[in-house]
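# Residue-level structural notes
Next come the chains, spelled out residue by residue.
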Amino acid sequence: DTILMRPPHPQFELIKEHYRHFIHLRGHRNEPCFYEIPAKTNLKALREAGVSVDDLLMHYVSVIEFLWQVVEPSDLSRSIYVLDLDGIRLGDFVGDVMDFVKRASKLCSLHYPERAGTVFVINVPRWFNIIWRVVKPLVDEVTLEKIRIFRGNRMQTAQLLQEKIPIEHLPPEYGGLSVPLGQSPEERKFLAWLKHNHSGRCPRTPENLSREYCSWVPVRSY
């Protein structure tokens, strides 16, 4: 409950560099959008830096909490989740990766049920059904109905995403006209938030309560 009020873990910037995930603008109905690109994850670099699956899960929780506590605090809101599997290999779904997928899926089902409005799984490889048979049982039935699995070219993918996301809010990586992934207002605010926590420049004292980061309290408890 207090993760957004703590200093960031020391591997935060390393994880952000090697595990590609972004909160990026809004959908047509003002849904917050989240993008994840597993194939761009440099698991070797993370392991060599001493990042464990527990560390990744803690990082993942901080991102989700920022999304639902700060970016979109409404309990009625739902997200648009874009999972880009371009470049993923069958051998990538082993060991720590599968452990993380299973534990992250369980965590979301327990603590953030039915938060997904639409889930786009794009650029799926031809062998995707092999992995889907393993992952599908981990996903709750309500979320399964919201998943759209798609394989097509860049233009077709852009058209699909524009059904839910205005082209002005789509990143250029997916044929949109917004800023690139990682440069959205949400990402900049998250980084500023964590740098503030790390610096300790603004303790929670009455004279500092006018400042956003110091006056903030969680909108809900889980």
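Procedures and definitions
- Residues numbered from 1 in each chain as written.
- Predicted model: local features only at pLDDT ≥ 70, side-chain atom pairs only at ≥ 80, totals over all residues.
- Heavy atoms only, no water.
- Phe/Tyr/Trp six-rings, centres within 6.5 Å; stacked < 30°, edge-to-face > 60°.
- Helix = DSSP H or I, 4+ residues; strand = E, 2+ residues; numbered from the N terminus.
- Buried < 20%, exposed > 50% of the residue type's maximum accessible area, 1.4 Å probe, protein only.
- Lys NZ or Arg CZ within 6 Å of the ring centre and 35° of its normal.
- Contact = heavy atoms within 4.5 Å.
- Axes fitted to C-alpha atoms, helices over the stretch in contact; angles between N-to-C directions.
- Parallel < 35°, antiparallel > 145°, perpendicular 65-115°, else oblique.
- Arc of directions from axis to C-beta.
- Core = buried A, V, L, I, M, F, W, Y, C linked by side-chain atoms within 4.5 Å.
- Salt bridge = Lys/Arg side-chain N within 4 Å of Asp/Glu carboxyl O.
- Pairing = 2+ DSSP bridges.
- Right-handed = clockwise from strand over helix to strand, strands pointing away.

### Thoughts on the packing of aromatic side chains
- Scanning the entire structure with this criterion turns up eight aromatic pairs.
- Centroid distance F34 to Y81: 5.8 Å. Interplanar angle 35 degrees. Geometry classified as tilted. Placement of the pair is F34 in strand β2 (residues 32–36) and Y81 in strand β3 (residues 79–84), with a sequence separation of 47 residues.
- Relative accessible area serves as the criterion here: at 9%, F34 is assigned to the buried category.
- Plain terms: the ring middles of Y35 and Y174 are 5.7 Å apart, the flat faces sit at 20 degrees to each other, and that makes the pair stacked. Here Y35 is found in strand β2, whereas its partner Y174 is found in the loop between α7 (154–161) and α8 (185–199), with 139 residues between them in sequence.
- By the ring-pair criterion, three or more aromatic residues cluster together here, those being F12, F66, F190 and W193.
- Positioned over the ring face of W68 is R115, at 3.9 Å from the centre of the ring.

### Some remarks on the side chain of S62
- With respect to the secondary-structure elements, S62 resides in helix α3 (residues 53–71).
- The exposure class assigned to S62 is buried, which follows from its relative accessible area of 7%.
- Beyond its immediate sequence surroundings of up to four residues, S62 is in contact with I3, L4 and F190.

### Considerations on unusual backbone geometry
- Of note in this structure, N30 is not a glycine but carries a positive phi near 70 degrees.
- By relative accessible area, which is 45% here, N30 ends up partly exposed.

### A look at the packing of α3 against α8
- At a minimum axis distance of 11 Å, the contact between α3 and α8 shows a crossing angle of 110 degrees. When the interaxial angle is binned, α3 and α8 end up roughly perpendicular. Contact with α3, carried on its side by S62, V63, F66, V70 and V71, involves E186, K189, F190 and W193 of α8 and no other residues of that element.

### Observations regarding α7
- Buried within α7 are the following residues: T157, A158, L160 and L161. Mapping the buried residues of α7 onto a view down its axis gives an arc of 160 degrees, with all of them on the same face.
- Where α7 is buried, its residues contact β3, β4 (116–122) and β5 (147–149).

### A word on the nonpolar core
- The biggest cluster of nonpolar side chains holds 46 residues, and the ones touching the most others in it are L4, F66, F100 and V121.
- When contributions to this core are tallied by element, the ones reaching two or more residues are α1 (12–18), α3, β3, α4 (96–111), β4, α5 (128–135) and α8.
- Tallying contributions element by element places α3 first for this core, with 12 residues.
- Judged by nonpolar contacts, the second largest core, of 14 residues, contains L160, L161, I165 and L170.

### Focus on the pattern of salt bridges
- What the rule picks out here adds up to seven salt bridges.
- With a closest N to O distance of 2.7 Å, E72 and R26 form a salt bridge. Separated by 46 residues along the polypeptide, E72 in the loop between α3 and β3 and R26 in strand β1 (residues 21–26) bring together distant segments of the chain. The pair E72 / R26 is uniform in exposure class, with both members buried.

### Considerations on the pairing of β4
- Within β4, six of the seven residues are buried, which leaves the element mostly enclosed by the surrounding structure.
- Bridge count between β3 and β4: six bridges; the pairing is parallel. Across the sheet, residue V82 finds its bridge partner in β4, namely F120.
- Remark: the β3/α4/β4 crossover connection has right-handed handedness.
- As paired strands, β4 and β5 are joined by three bridges and run parallel to one another. Note that in β5 the partner of V121 across the bridge is I149.

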